[in-house]
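Fold and contact review
Below, each chain spelled out in residue letters.
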Amino acid sequence: MAKETKVWEIIKSAGYMPIENKNIIVSYAPKNLSDSIVKFLGCSNEFFVLQICKDALVLVPFGKMMQDLKKEVVLEIPLNTIRQIEVTPSGLNYLITVETENDVIMLSAQQKELSDMRLSGMLGRGGIFSNNWHKENLDETLEMLENLVK
C-alpha cells in the first residue's frame, strides 16, 4: 500500500518530473488466456506504478517503492521515442500498448469499477481509510496516454 504523495515524492527524488495525478497501477499484459487466469487469481503477478512524467513514461516496480528508488531500477520510456499508445478494454482490465521506435510494451491496468476489490485497489491505498488513487486517476491517465503522441 502506498500513498500517492509518497509515490510522487519517490519518483521525483529519482530525478523525474512527474505530472500530478497521472499515475496508475499496471502489470505486464498476459500472453494468453491461461496466463490471464493465473494472473486474475493472483497466483503470479508483478505490479508497477506507471507514471507520466514531463519527458518520459516511467514504470516503477511496486516492491521498490518502499526502498530508496534508483534510476537503474526504473523502466524509462522517453516520450520522444513513442510512436503510438493504444488503450483498449480487455475483460476486467484495460490493455495499454506502447509502441516505441524499437519495441512494443503491453501493459494491463485493472478497471476502476472493481478496483476496490482487486489488487490495484489494495496497492493504491495509503491505509484502510485512504482513497484509491489508482481508481481516481485511471480515466484521466488513460486519456492522457492516448493523446501523448497525437
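As the structure is a computational prediction, the values presented were derived from the model and not from experiment.

**Notes on the overall build of the protein**
In terms of helices and strands, the protein carries four helices and seven strands. The order of α-helices and β-strands along the protein, N terminus first, is α-β-α-β-β-β-β-β-β-α-α. Expressed as a percentage of its 150 residues, the buried residues of the protein come to 45%. Across the protein, contacts joining residues at least 24 apart in sequence account for 52% of those joining residues at least 6 apart.

**Some remarks on the confidence of the model for the protein**
Averaged over the protein, the pLDDT score is 81; the fraction of residues at 70 or greater is 71%. For the protein, helix α2 (residues 33-40) is the element with the lowest average pLDDT, namely 64, and strand β5 (residues 82-90) is the one with the highest, namely 96.

**Focus: the nonpolar core**
Generally speaking, a soluble globular protein has its nonpolar side chains buried in company with each other. Of all hydrophobic cores here, the largest spans 20 residues; its most connected members are V26, L57 and I96. Sorting the residues of this core by element identifies β1 (18-28), β2 (47-53), β3 (56-61), β5, β6 (93-100), β7 (104-110) and α4 (133-146) as the ones contributing at least two each. Filtering out sequence-adjacent residues up to four positions away, L57 remains in contact with L50, Q51, I52, L75, E76, I77, L79, I82, I85, V98, L145 and L148. I11, A14, F62 and L123 belong to the second largest nonpolar core, which has 15 residues in total.

**Description of the pairing of β6**
With six of eight residues buried, β6 is to be regarded as a mostly interior element. Summarising the sheet, β5 and β6 pair through eight bridges and their orientation is antiparallel. Among the inter-strand pairings, P89 is bridged to a residue of β6, identified as Y94. Linking two consecutive strands that pair antiparallel, namely β5 and β6, is a turn of two residues; a positive phi of about 65° is found at G91 within it. Two elements, β6 and β7, share seven bridges in a ladder whose sense is antiparallel. Each residue of the ladder has a partner; that of L95, found in β7, is S108. Between β6 and the antiparallel strand that follows it, β7, lie three residues.

**Looking at the environment of H134**
Mapped onto the fold, H134 is located in helix α4. As for H134 and Q110, which are separated by 24 residues in sequence, their C-alpha atoms are 8.8 Å apart.

**Let's talk about α4**
Under the 1.5 Å per step criterion, the end-to-end length of α4 is 20 Å for 14 residues, consistent within 8% with the ideal 20 Å. Along α4, the largest kink reaches about 40° and is centred on D139. Of all the residues in α4, the buried ones are W133, H134, N137, L138, T141, L142 and L145. With a side-chain oxygen lying 3.2 Å from the backbone nitrogen of H134, the N-terminal cap of α4 falls on N132.

Each value, and the rule that gives it
Residues numbered from 1 in each chain as written. Predicted model: local features only at pLDDT ≥ 70, side-chain atom pairs only at ≥ 80, totals over all residues. Heavy atoms only, no water. Helix = DSSP H or I, 4+ residues; strand = E, 2+ residues; numbered from the N terminus. Buried < 20%, exposed > 50% of the residue type's maximum accessible area, 1.4 Å probe, protein only. Contact = heavy atoms within 4.5 Å. pLDDT = per-residue confidence, 0-100. Core = buried A, V, L, I, M, F, W, Y, C linked by side-chain atoms within 4.5 Å. Pairing = 2+ DSSP bridges. Expected span 1.5 Å × (residues − 1). Bend = angle between axes of the 7 residues up to and from the residue. Polar contact = N/O pair within 3.5 Å; in protein donor to acceptor, adjacent residues only side chain to side chain.

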